[in-house]
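# Analysis of the macromolecular model
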Amino acid sequence: TVVMPTNWASAAGGATATGDGTTPGAALDETEATNWSADGRAADGTLSGIAGKQITIDLAGSEARNITDVAVSAMIAPGQSRFAGLRSFELWACNATAGADCSTDAGYTKVYTSAGDAFPGDAPRPDGPHLILRDFKVPKFKATHLRLRVLTNQCTGGPAYQGEQDLDPTATTDCDINVSASTAASSRRFVRTAEIQAFSSEPLKD
């Protein structure tokens with residue numbers, strides 16, 4: 001017997017997403033071929049960083065859901081920098097049925113903080129197996145809305161990508177976010193998340 005729990009963060013089931021950046025709905029389409037992307041540049045072009053960028057998901061249905069498992073993918077599309085893939089994150093929850101205002105930051109409570117290497121890219125660069133869909137067992141919480149808040153991407157959070165990694169003076173290997181927007185590579189400016197899924201139980205096979 002295969003138990004396949006409902007993904008309450010599925011667009012096909014009625015979930016919707018809003019947030020920073022572009023194409024937030026791509027994180028709910030249950031395919032790693034597309035992704036949500038947020039830009040770390042401010043409106044005036046200065047580089048403020050990707051930490052704190054977030055996507056908010058109105059979970060499927062009108063009732064609050066008990067969430068125990070969240071699956072996340074940091075996969076990138078062909079032609080995109082793998083260094084921009086998500087590395088670590090926080091999850092925040094809001095329950096509108098309990099009277100919380102889920103249209104405001106104050107309505108959300110942090111329910112989970114991932115490990116710093118939730119997607120453990122390593123030298124010389126992140127590979128697909130580092131970025132594909134991973135399941136995160138979270139403390140049980142009840143929510144109508146789920147928010148993922150970015151802490152780091154592969155570039156800004158990976159020790160192997162910080163500082164000069166070789167003796168080649170013509171190649172800059174440092175992924176430090178504190179560089180000017182005019183010289184910052186796309187991997188320093190963007191964070192990408194391909195999929196966010198939320199379940200009331202984990203998939204099981206009896």
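So, here is what we can say about the structure in this document.

Rules behind the numbers
- Residues numbered from 1 in each chain as written.
- Predicted model: local features only at pLDDT ≥ 70, side-chain atom pairs only at ≥ 80, totals over all residues.
- Heavy atoms only, no water.
- Buried < 20%, exposed > 50% of the residue type's maximum accessible area, 1.4 Å probe, protein only.
- Helix = DSSP H or I, 4+ residues; strand = E, 2+ residues; numbered from the N terminus.
- Pairing = 2+ DSSP bridges.
- Axes fitted to C-alpha atoms, helices over the stretch in contact; angles between N-to-C directions.
- Core = buried A, V, L, I, M, F, W, Y, C linked by side-chain atoms within 4.5 Å.
- Contact = heavy atoms within 4.5 Å.

Among the 5 residues of strand 11 (residues 195-199), 5 are classified as buried, and the element is accordingly described as predominantly covered. Sheet topology places strand 5 (residues 65-73) next to strand 11; 5 bridges connect them, and they run antiparallel. By the bridge assignment for strand 11, Ala71 is matched with Gln197.

In this section: the sheet that holds strand 8 (residues 134-143). Spatial ordering of the open sheet is given by 8-5-11, a layout of 3 strands whose pairing is antiparallel. Strand pairing shows two members of the sheet lacking a second neighbour, strand 8 and strand 11, which therefore form its edges. In this sheet, adjacent strand axes meet at a mean angle of 25 degrees when their direction is disregarded.

Turning our attention to the nonpolar core. One finds Leu59, Leu86, Phe89 and Leu148 to be the most contacted residues of the largest nonpolar core, which totals 38 residues. If you list the elements that add at least two residues to this core, you get strand 3 (36-39), strand 4 (54-58), strand 5, strand 6 (86-94), strand 8, strand 9 (145-153) and strand 11. If sequence neighbours within four positions are ignored, Leu148 has contacts with Trp36, Lys53, Gln54, Ile55, Val72, Leu86, Phe89, Glu90, Leu91 and Ile196.

Spatial relationships are all this shows, so hold off on functional conclusions.
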